[in-house]
Each structure stands twice: as structure tokens, then as C-alpha cells.
Amino acid sequence: MRTDARRTRVTQADVARLAGVSQAAVSLALAGERTGRTRVGSEVRARILDAVAMTGYAIDPVARRLAGGTSSILGVFTYEKTFPTAGGDFYYPFLVGIERQAAALGLDLLLFTSSAVEGDGHRLLSSGLGRLSAADGVVLLGRHTN
């Protein structure tokens, strides 16, 4: 675990040092957690998971995506100026359903709200599609697609 004064992200190398294993073993153990295929022994896996819990290590979704995996993130973008959150809003039942299904699938939700506001809503293409690629998929909501 890192101890320098700056706040830094805990890495797999930090977890490996604490567990007394190689970084490759940490990677294999964590991959097994996602896929259900165990490639390290149960004792080693237990030490790794204990080290993960102690350090608060979380897989970096950007690094996972670069490694050819998925981010396990579902994005939600709305063309409306105000994101619908009240029970009376037309989109509220959709959002509740999206949230429930994402939780059932073990996905995180990412709310895209920082697009430039133009007129009565957001423009999806005003800043390009690059930000949306942080998610494995994006649900688009809105009456007017701009």
C-alpha cells in the first residue's frame, strides 16, 4: 500500500505486495471474480481478496477497457435540460427500470449531463461522441434529439 503524502490510486502492484504474490496472480484472481473461472489457488485468492479489502483497491475501468475488456458501465444521456428525477416526469419509470436492470446485471450507471446546453436541451454531438465511449452502451432519452 502506498504511504506517500499525496493521495494516489491503489494499484494491483500494491495489492500484490501486501498479499505477498505477483501482480499477475492478482490480475488472475480478480479476472476469476468476474468470470467465475478460478486460475489461482483458494489460499492465494483469499489473501488477494483480503488485501483488496484492506486497501480499497478498485479496478480502473479505463485500464480494463484498454486491456480489451469492458468497463461494466451503462451510460444514460438525456436531451432534456433538466434530468427527469421526479415520479411525475415522463421518463422517471424508464430511469427506474434502467437502474434496476443495471443493478441486476452488475453494471454501474454513468449519467452524462455535461453537454453544452443549447436552446431547449442538450446536443449530443456538440462535443463529439468521445465521452460516451467511456461506457459499454448508452441509453438516450428525450423528446427532441437535436
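A. Representation of helix α3 (residues 42-55) in the model. With 14 residues, α3 extends 20 Å between its outermost C-alpha atoms, agreeing within 8% with the 20 Å of an ideal straight helix rising 1.5 Å per residue. Within α3 the residues assigned to the buried category are Ile48, Ala51, Val52 and Thr55. Angularly, the buried residues of α3 cover 105° about the axis, an arc narrow enough to put them on a single face. Residues Ser42, Glu43, Ala53 and Met54 are exposed on α3 and point more than 90 degrees away from its buried face. Gly56 sits one or two residues past α3 and shows a positive phi near 75°.

B. View of the environment of Ser71. With respect to the element layout, Ser71 can be found in the loop between α4 (61-66) and β1 (73-78). Since its relative accessible area comes to 5%, Ser71 is described here as buried. Separated by twelve residues in the primary sequence, Ser71 and Ile59 have C-alpha atoms spaced 9.5 Å apart.

C. Highlighting helix α5 (residues 92-105). Under the 1.5 Å per step criterion, the end-to-end length of α5 is 20 Å for 14 residues, consistent within 8% with the ideal 20 Å. Buried within α5 are the following residues: Leu95, Ile98 and Ala102. For α5, the angular spread of the buried residues around the axis is 60°, confining them to a single face. The exposed set on the far side of α5, more than 90 degrees from its buried face, consists of Pro93, Arg100, Ala103 and Ala104. Where α5 terminates, the next one or two residues include Gly106, which has phi positive at roughly 75°.

Rules behind the numbers
- Residues numbered from 1 in each chain as written.
- Predicted model: local features only at pLDDT ≥ 70, side-chain atom pairs only at ≥ 80, totals over all residues.
- Heavy atoms only, no water.
- Helix = DSSP H or I, 4+ residues; strand = E, 2+ residues; numbered from the N terminus.
- Expected span 1.5 Å × (residues − 1).
- Buried < 20%, exposed > 50% of the residue type's maximum accessible area, 1.4 Å probe, protein only.
- Arc of directions from axis to C-beta.

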